[in-house]
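Chain and residue survey
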Amino acid sequence: MSTPTEQPTKNALGYQEFSIGHFRFARDEYFAHITYPKGAHFMAVDQFLRCILRDVAWGFFYGTLNFDNVVGTIQNYGTVELFCGLMNEAYVAANRQYVERFDTKDLQRVFSAMVEDWTNEGFDPFAAPSETGSAYGPKHGTNPAALSRQRVVASRMVGLPGDVGYRTDENGYPLNRHFRDVPTDQPEVHAEPGFEGSVHAFNLYNYVARSDVTWNPSVVSQVKYSLFCPTTEEYILPVKHGNDRVEWFVQVSDEIIWDVEDGKTGKPRARVTMKAGDVAAMPADICHKGYSPKRSLLLVWENGDPTLPQRYARRELNPYPVEM
Ligand code: PHB
Ligand code: FE
């Protein structure tokens, strides 16, 4: 296990440089630069910030978050691996892959500090490109409001007493510009006598259409390990997600195109166009990246069972949920 060695120093553009273990991170006006013992890598800084903010906000999510075809993180539930080239067949064949494992809280601290320092005033890494300012240029200002959003996680269901509340015009969540036609009425609940406290319903379209962020699944209901995680999507999912369990996708409105690749090598497997009403089971051994030409509503159905990653890794479970 590596220990963090953070000694932030500022460069001529006003940005701090960061390090953890043997990784070093620097940014210039357009790019994030990553150096590690076997090489150096760089990527567009807006894309990089969109990825590390999701890593931070999601607590490193399930499985792998690839920032591009080279760099990314692997969730080990307590520790996290940061890698270059590990999920890239060509890097591995040339023995150019490099990976280090960190305590989750240590990498979380460095990524949080980096996204905070490198995000300029006006840039929101969770917003659609049409709804945010630019990430580029020398350091100017900060955007703490955009970085402090907590991932919404209902403990039972949105709208129940004591649980996550509704989004309304009044509390700062107007309907998104692409969803002004969504019905906003509430369902009628007619419970049998004696069951009044046990039945609940809310208008999910009205709730999700008011999300001010993209590619950020929130948990709206939990029943044991069954988690309903709707999200609004526009432009490109910044990370390429390597699943460590099967995920079901229900395309609720509009359209998303998914590039699906082998989770370990990045070899292309499929391109799936999901139109409103389509349902797909994304296998446990793939990675995928989504493209949404206009804002669309996607329901991600997750299985939160913590034993699943090991059971798939041991091949006790097939990576797909049905035999046809
Ligand atoms: C996924 O990788 O499964 C995923 C992540 C974020 C989203 C949608 C899907 O917004
Ligand atoms: Fe996924």
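Owing to the predicted nature of the structure, the values given are computational and were not obtained by experimental measurement.

Here we come to the coordination of the iron ion (ligand 2). Protein coordination at the iron ion (ligand 2): the donors are His241 (ND1), Asn243 (OD1), Glu247 (OE) and His288 (NE2), at 2.0 to 2.4 Å from the metal. Coordination geometry of the iron ion (ligand 2): the 6 donor atoms subtend angles of 52 to 158° at the metal centre, consistent with an arrangement described as irregular. Taken in sequence order, the residues that donate to the iron ion (ligand 2) follow the motif H-x1-N-x3-E-x40-H. Taking relative accessible area as the criterion, histidine 241 reaches 4% and is therefore assigned buried.

With that settled, the discussion passes to the site of ligand 1. Taken together, 14 residues sit near ligand 1, with Trp215, Glu233, His241, Glu247 and His288 positioned nearest. In this structure, an oxygen atom belonging to ligand 1 sits 2.7 Å away from a side-chain N or O atom of glutamate 247. In this structure, histidine 288 approaches ligand 1 through a side-chain N or O atom, which is 3.2 Å from an oxygen atom. Alone, ligand 1 offers 280 Å² of accessible surface; in the complex the protein occludes 100% of this. For the shell around ligand 1, the leading source of residues is strand β17 (residues 286-303), giving 3 residues. Partitioning the shell around ligand 1 into residue classes produces 8 nonpolar, 4 polar and 2 charged.

Under the criterion given, the structure shown has 2 cavities of 30 Å³ or more. Space inside the largest cavity adds up to approximately 150 Å³. Around the largest cavity, the lining is made up of 17 residues, and of these Phe61, Pro217, Leu237, Trp258 and Val300 lie nearest the centre. Elements represented by at least two residues in the lining of the largest cavity include exactly β11 (226-236), β13 (247-251) and β17. Each residue belonging to the lining of the largest cavity can be placed in one class, and the counts come to 10 nonpolar, 4 polar and 3 charged. Space inside the second largest cavity adds up to approximately 30 Å³. When contributions to the lining of the second largest cavity are tallied by element, the ones reaching two or more residues are α1 (45-57) and β11. Considering every element that reaches the lining of the second largest cavity, the biggest residue donor is β11, with 3 residues. Its residues assigned to classes, the lining of the second largest cavity shows 7 nonpolar, 1 polar and 3 charged.

With respect to the helices and strands, serine 155 occurs in the loop between α4 (144-147) and α5 (204-208). When its relative accessible area of 53% is taken as the criterion, serine 155 is described as exposed. Sequence separation between serine 155 and valine 99 is 56 residues; the distance between their C-alpha atoms is 35 Å. With residues near it in sequence (within four places) discarded, serine 155 still touches Asp163 and Gln222.

So, on to α1. In an α-helix there are 3.6 residues to a turn, and that puts residues three or four apart on one side. Between its first and last C-alpha atoms α1 spans 18 Å; for 13 residues at 1.5 Å apiece the expected length is 18 Å, and the two agree. Judged by how many residues are buried, α1 sits mostly within the fold: 11 of 13 residues are covered. If you check which residues of α1 are buried, you get Val45, Asp46, Phe48, Leu49, Arg50, Cys51, Ile52, Leu53, Arg54, Asp55 and Val56. Glycine 59 lies just past α1 and shows a positive phi near 55°.

Parameters and conventions
Residues numbered from 1 in each chain as written. Chains lettered and ligands numbered in written order. Predicted model: local features only at pLDDT ≥ 70, side-chain atom pairs only at ≥ 80, totals over all residues. Heavy atoms only, no water. Donors = N, O, S within 2.8 Å, 3.2 Å for Na, K, Ca; no water. Tetrahedral: all angles 85-135°; square planar, octahedral: opposite > 155°, others 65-115°. Buried < 20%, exposed > 50% of the residue type's maximum accessible area, 1.4 Å probe, protein only. Near = heavy atom within 4 Å. Polar contact = N/O pair within 3.5 Å; in protein donor to acceptor, adjacent residues only side chain to side chain. Areas by Shrake-Rupley, 256 points an atom, 1.4 Å probe, with all protein chains shown as cover. Helix = DSSP H or I, 4+ residues; strand = E, 2+ residues; numbered from the N terminus. Nonpolar A, V, L, I, M, F, W, Y, C, P; charged D, E, K, R; others polar. 1 Å grid on protein atoms, 1.4 Å probe; cavity = no way out; pocket = protein on both sides within 12 Å on 5 of 7 lines; lining within 4 Å. Points joined across faces, edges and corners; volume = space filled by probe spheres on them. Contact = heavy atoms within 4.5 Å. Expected span 1.5 Å × (residues − 1).

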